[in-house]
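Below are the chains, spelled out letter by letter.
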Amino acid sequence: MLALLLKILSVLGIILLLVLCVLLLFLLLVLFFPVSYQIQGKRRGSETYLCVKGRWLFGALRLAAAYPEPGNLKVKLLWITLFDSASGAKDKASGTGKKEKETAAEKTVQTKEREEYPQAESHSGKYPDKEAPEGDFSLEEHSTEKSFESFAEKLQGFILAKYEKILYTFQGFYDKIKHIWENISYYKAILQEKDTRLLLAHFRKRAGKILKAVKPRRIKADILFGTGSPDTTGYVFGIYGMLSPHLGKDVAVTADFGQAVLEGELSAAGRITTFCILRNGLLLAMDKRLWLLIEKLKAGRTKNGR
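Residues numbered from 1 in each chain as written. Predicted model: local features only at pLDDT ≥ 70, side-chain atom pairs only at ≥ 80, totals over all residues. Heavy atoms only, no water.

1. What to know about a positive patch on the surface
Thinking step 1. Side chains of K205, K209, K212, K215 and R279 sit close together on the surface and give a patch of like positive charge.
Thinking step 2. Broken down by element, the positive patch gets its largest block of residues, three residues, from helix α5 (residues 194-214).
Thinking step 3. As for its placement among the helices and strands, K205 is situated in helix α5. (Patch = residues over 30% accessible without salt bridge, like charges linked within 9 Å, V, L, I, M, F, W, Y side chains within 5 Å. Areas by Shrake-Rupley, 256 points an atom, 1.4 Å probe, with all protein chains shown as cover. Salt bridge = Lys/Arg side-chain N within 4 Å of Asp/Glu carboxyl O. Lys, Arg positive; Asp, Glu negative; His and termini not counted. Charge placed at Lys NZ, Arg CZ, Asp CG, Glu CD. Helix = DSSP H or I, 4+ residues; strand = E, 2+ residues; numbered from the N terminus.)

In structure tokens:
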């Protein structure tokens, strides 16, 4: 009996070990095996097209999304379709068609009943509403002196009410400006602290590594844009000029300072590793200076919140 029990326990232990190994392998794949993605877009006039594809584990898990409307989102695991928005749209359309057919059938039955029994409707007419008798109105006479006194009282009350309202508005405006200035001074002092400056430097470092891991490894674009305003178009084009060394030679952006327009083609591909994003995010979240800054911001909100 004891030998049988030990044998059962050993089998359960082996099964548990295998399950843990499978879970560990899956976790390692999720963390270190990259997700490949492809983005293709095109816009000419009023026509817009966008397609996003993702692959993981040599294409074992695939995702594809397309635009414009109604669009389509499909997720497949090997040959099994896990989700397909097109099939849901078809089911919805078929359900709508059935409801329309049922409504049309009900209307046909009601029409036939009215044709067979016309007398039923003839006795269901509405009686016209009786007009209410007009009442007699009597005008009350007031003296000129009483009318003038009541008018003067109303005018005085109106002026006092307006004065109090204006005074209250100016007082509220002053309080708001004072409140905003106190908040600005408080947060400005926090930003000038040494810990806050070190935290911002740490944030820039981690965010740069995450962006480097996420950004496309191959990007090709030919874009024509304009905001309709020469100054804002110039600002946007200046930002592109600063980022152009990091975008590559295959990215060409042309500014149109005369009209609001956005046209062109875009093609990008890259890989995303979960471990890199998770590692840098955890290192930033474990920084004590971040939680200290959050506590200070909460304390300032509680102190200045009125």
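From this point, the discussion proceeds with the structure in view.
2. Observations concerning empty space enclosed by the protein
Thinking step 1. Within this structure, the stated rule accounts for one cavity of 30 Å³ or more.
Thinking step 2. Its volume calculated, the largest cavity comes out at about 50 Å³.
Thinking step 3. Counting residues per element, the lining of the largest cavity draws most heavily on helix α8 (residues 288-304), which supplies four residues.
Thinking step 4. Tallied by class, residues from the lining of the largest cavity come to three nonpolar, one polar and four charged. (1 Å grid on protein atoms, 1.4 Å probe; cavity = no way out; pocket = protein on both sides within 12 Å on 5 of 7 lines; lining within 4 Å. Points joined across faces, edges and corners; volume = space filled by probe spheres on them. Nonpolar A, V, L, I, M, F, W, Y, C, P; charged D, E, K, R; others polar.)

3. Brief notes about the pattern of salt bridges
Thinking step 1. Per the stated rule, a full pass over the model turns up three salt bridges.
Thinking step 2. E265 is paired through a salt bridge with R44; the nearest N and O atoms lie 3.9 Å apart. Of this pair, E265 sits in strand β8 (residues 260-272) while R44 sits in strand β1 (residues 35-44), and the two are 221 residues apart along the sequence.
Thinking step 3. For R44, a relative accessible area of 42% translates into the label partly exposed.
Thinking step 4. The residue E193 makes a salt bridge to K296 at a minimum N-O spacing of 2.4 Å. Highlighted residues: E193 in the loop between α4 (144-191) and α5 and K296 in helix α8, separated in sequence by 103 residues.
Thinking step 5. On the basis of relative accessible area, E193 is assigned to the partly exposed category, the value being 28%. (Buried < 20%, exposed > 50% of the residue type's maximum accessible area, 1.4 Å probe, protein only.)

4. A closer look at the side chain of D287
Thinking step 1. Relative to the helices and strands, D287 is located in the loop between α7 (274-285) and α8.
Thinking step 2. Of the polar contacts made by the side chain of D287, one reaches the side chain of H202; its length is 2.8 Å.
Thinking step 3. Leaving out residues up to four positions away in the same chain, D287 has contacts with L199 and H202. (Polar contact = N/O pair within 3.5 Å; in protein donor to acceptor, adjacent residues only side chain to side chain. Contact = heavy atoms within 4.5 Å.)

5. Details of the environment of A64
Thinking step 1. The residue A64 is located in strand β3 (residues 61-67) in this model.
Thinking step 2. Taking relative accessible area as the criterion, A64 reaches 31% and is therefore assigned partly exposed.
Thinking step 3. Between the C-alpha atoms of A64 and K53, which are eleven residues apart in sequence, the distance is 4.5 Å.
Thinking step 4. Those residues in contact with A64 that sit more than four places away from it in its chain are V52, K53, N72, L73 and K74.

6. Details of the UniProt feature "transmembrane region" (unreviewed entry) in the protein chain
Thinking step 1. In the numbering adopted here, UniProt assigns the feature "transmembrane region" (unreviewed entry) to residues 12-35.
Thinking step 2. Helix makes up 88% of residues 12-35 and strand 4%. Its end C-alpha atoms lie 35 Å apart. (UniProt positions renumbered as here; feature names shortened; annotations may be inferred.)

7. A word on the pairing of β8
Thinking step 1. Pairing of β1 with β8 involves nine bridges; the strand directions are antiparallel. Pairing of R43 across the sheet is with G264, part of β8.
Thinking step 2. Pairing between strand β6 (residues 218-227) and β8: ten bridges, direction antiparallel. Residue pairing in the sheet places R218 in a bridge with A269 of β8. (Pairing = 2+ DSSP bridges.)

8. Thoughts on the layout of surface pockets
Thinking step 1. Here the largest pocket is characterised by a volume of approximately 240 Å³.
Thinking step 2. For the largest pocket, the full set of lining residues is L211, K215, P216, R217, R218, I219, L243, H246 and L247.
Thinking step 3. Here the lining of the largest pocket gets three residues from one element, more than from any other, and that element is helix α6 (residues 230-247).
Thinking step 4. For the lining of the largest pocket, the class distribution of residues is five nonpolar, one polar and three charged.
Thinking step 5. Estimated volume of the second largest pocket: approximately 180 Å³.

9. Quick notes on the packing of helix α1 (residues 2-32) against α7
Thinking step 1. For the pair α1 and α7, the least separation of the axes is 5 Å and the interaxial angle reads 85°. Considering the angle they form, α1 stands roughly perpendicular to α7. Residues V30, L31 and F32 of α1 form the contact with α7, whose participating residues are T274, F275 and L278. (Axes fitted to C-alpha atoms, helices over the stretch in contact; angles between N-to-C directions. Parallel < 35°, antiparallel > 145°, perpendicular 65-115°, else oblique.)

10. Let's talk about the packing of α5 against α7
Thinking step 1. Look at α5 against α7: their axes get within 9 Å of each other, and the N-to-C directions meet at 175°. Classed by the angle they form, the pair α5 and α7 counts as roughly antiparallel. Residue-level contacts link L199, H202, F203, R206, K209, I210, A213 and V214 of α5 to C276, I277, R279, N280, G281, L283 and L284 of α7.
Thinking step 2. When its residues are assigned to classes, the contact of α5 with α7 shows nine nonpolar, three polar and three charged.

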